Amino acid sequence: GENVEQHPSTLSVQEGDSAVIKCTYSDSASNYFPWYKQELGKGPQLIIDIRSNVGEKKDQRIAVTLNKTAKHFSLHITETQPEDSAVYFCAALPRSYNTDKLIFGTGTRLQVFP
Amino acid sequence: KAGVTQTPRYLIKTRGQQVTLSCSPISGHRSVSWYQQTPGQGLQFLFEYFSETQRNKGNFPGRFSGRQFSNSRSEMNVSTLELGDSALYLCASSFTTGGSGEQYFGPGTRLTVT
């Protein structure tokens, strides 16, 4: 079945630095890749997503890039702030297994130190 | 626009009991998906309902069931609770089905089985 691997599992950065989280997927037919941010005690919040017909999407300080050939996509956060501290999940929607369910990565705990 | 709401937020049950969780989607959304989140297994898909029909099901035993009402509100039921069912149960609503629509999560119900 479809598998999504996410790295790193934890990431610590200094405020103002950039943070990059990477995910790889196994189904080459996957066509939708959302990213979620989960703060303590809350449900995951959709922060950005990308579809397979584009290579990059940006929204203020966050951006997502997609490399379909290599089957990986990444979340980039620039000028990090303490409020960016949270667990981030990537997900992929496979198309080769006759299923319509998102497969999630295992999460990255991002800590931004002031 | 109000977000996804889940009730109750916290629940403590004993092994062997059953439990019913409720989810009210964003107004206008007709798809509700349920996920189990645990530290060890991450986010695991339980099932999706769209227009009162189960569209998709994850790899969980038959003790886990759900339903959706005509107003799109959904309930999830777990019978004969086991210690391993302790988890955060999240629901997510979407305007469309098929996983490729943007999914918005509720705050979750924290279930503890003793």
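Concerning the overall build of chain B
Now for step 1: The secondary structure content of chain B amounts to zero helices and eleven strands.
Now for step 2: When the helices and strands of chain B are read in sequence order from the N terminus, they spell out β-β-β-β-β-β-β-β-β-β-β.
Now for step 3: C-alpha extents for chain B along the principal axes are approximately 35 × 25 × 25 Å.
Now for step 4: Residue burial in chain B is summarised as follows: out of 114 residues, 51% are buried.
Now for step 5: Long-range pairs, those at least 24 residues apart, make up 55% of the contacts in chain B with a sequence separation of at least 6.
Now for step 6: Surface accessibility of chain B: about 5,300 Å² in total, with carbon and sulfur atoms responsible for 48%.
Now for step 7: One finds the centroid of the 11 positive side-chain charges in chain B at a distance of 4 Å from the centroid of its 6 negative side-chain charges.

Some thoughts on the pattern of salt bridges
Residues and elements named next belong to chain B.
Now for step 1: Applying the stated criterion across every chain yields a total of eight salt bridges over all chains.
Now for step 2: Here Glu-48 ties to Arg-55 by a salt bridge, and the two come within 3.9 Å at their closest N and O atoms.
Now for step 3: Classification of Arg-55 by relative accessible area gives partly exposed; the value is 36%.
Now for step 4: In this structure, Arg-63 and Asp-85 form a salt bridge, with 2.8 Å as the shortest nitrogen-oxygen distance.

Concerning the interface of chain A and chain B
Now for step 1: Contacts between the two partners involve 18 residues from chain A and, on the opposite side, 21 residues from chain B.
Now for step 2: The contact between chain A and chain B buries some 1,500 Å² in all, and 52% of this surface belongs to carbon and sulfur atoms.
Now for step 3: When the buried area of chain A at its contact with chain B is split by residue, Asp100(A), Lys101(A) and Phe104(A) rank highest and sum to 33% of it.
Now for step 4: Linking chain A with chain B are three residue pairs in polar contact (both at pLDDT 80 or more).
Now for step 5: Residue assignment for the side of chain A that touches chain B shows that the elements contributing at least two residues are β4 (32-38) and β5 (45-51) of chain A.

Section: the sheet that holds strand β3 (residues 19-24) of chain B
Residue and element names in this part refer to chain B.
Now for step 1: Read across the sheet, four strands follow the order β1-β3-β8-β7 without closing on themselves; strand pairing throughout is antiparallel. Where the open sheet ends on each side, the last strands, each with one partner, are β1 (5-7) and β7 (64-68). Direction aside, neighbouring strands of the sheet carry axes that sit 20° apart on average.
Now for step 2: As paired elements, β1 and β3 share three bridges and run antiparallel to each other.

Some points on the nonpolar core
Now for step 1: In this structure, Trp35(A), Phe73(A), Leu75(A), Tyr88(A) and Leu110(A) are the most contacted members of the largest nonpolar core, which totals 25 residues.
Now for step 2: Setting aside chain neighbours within four positions, we find Tyr88(A) in contact with Gln6(A), Ile21(A), Tyr36(A), Lys37(A), Ile47(A), Leu75(A), Ile77(A), Gly107(A), Thr108(A) and Leu110(A).
Now for step 3: With 21 residues, the next largest nonpolar core counts Leu21(B), Leu46(B), Tyr49(B) and Ala87(B) among its residues.

Examining the confidence of the model for chain A
Now for step 1: Confidence in the prediction for chain A averages 93 pLDDT; 96% of positions are at 70 or higher.
Now for step 2: Here strand β10 (residues 103-104) of chain A is the element of chain A with the lowest mean pLDDT, 92, and strand β2 (residues 10-14) of chain A is the one with the highest, 98.

Comments concerning the state of the cysteines
Residue and element names in this part refer to chain A.
Now for step 1: In this structure the tally under the stated criterion is two disulfides over all chains.
Now for step 2: Residue pairing for Cys-23: its cysteine sulfur links by disulfide to Cys-90, the two sulfurs lying 2.0 Å apart. The disulfide joining Cys-23 to Cys-90 has a torsion of about -100° about its S-S bond and is therefore left-handed. Of this pair, Cys-23 sits in strand β3 (residues 19-25) while Cys-90 is found in strand β9 (residues 86-92), placing the two residues 67 residues apart along the sequence.

Topic: the layout of surface pockets
Now for step 1: Approximately 580 Å³ is the volume found for the largest pocket.
Now for step 2: Lining the largest pocket are 24 residues, and of these Gln38(A), Val87(A), Arg109(A), Gln37(B) and Arg110(B) sit closest to its centre.
Now for step 3: Those elements that provide at least two residues to the lining of the largest pocket are β9 of chain A together with β4 (31-38) and β9 (87-94) of chain B.
Now for step 4: No other element matches the three residues that β9(A) contributes to the lining of the largest pocket.
Now for step 5: Residues of the lining of the largest pocket, tallied by class, amount to nine nonpolar, ten polar and five charged.

Cut-offs and rules
Residues numbered from 1 in each chain as written. Chains lettered and ligands numbered in written order. Predicted model: local features only at pLDDT ≥ 70, side-chain atom pairs only at ≥ 80, totals over all residues. Heavy atoms only, no water. Helix = DSSP H or I, 4+ residues; strand = E, 2+ residues; numbered from the N terminus. Buried < 20%, exposed > 50% of the residue type's maximum accessible area, 1.4 Å probe, protein only. Contact = heavy atoms within 4.5 Å. Areas by Shrake-Rupley, 256 points an atom, 1.4 Å probe, with all protein chains shown as cover. Lys, Arg positive; Asp, Glu negative; His and termini not counted. Charge placed at Lys NZ, Arg CZ, Asp CG, Glu CD. Salt bridge = Lys/Arg side-chain N within 4 Å of Asp/Glu carboxyl O. Buried area = accessible area lost by both parts, 1.4 Å probe. Polar contact = N/O pair within 3.5 Å; in protein donor to acceptor, adjacent residues only side chain to side chain. Pairing = 2+ DSSP bridges. Axes fitted to C-alpha atoms, helices over the stretch in contact; angles between N-to-C directions. Core = buried A, V, L, I, M, F, W, Y, C linked by side-chain atoms within 4.5 Å. pLDDT = per-residue confidence, 0-100. Disulfide = S-S within 2.5 Å. 1 Å grid on protein atoms, 1.4 Å probe; cavity = no way out; pocket = protein on both sides within 12 Å on 5 of 7 lines; lining within 4 Å. Points joined across faces, edges and corners; volume = space filled by probe spheres on them. Nonpolar A, V, L, I, M, F, W, Y, C, P; charged D, E, K, R; others polar.

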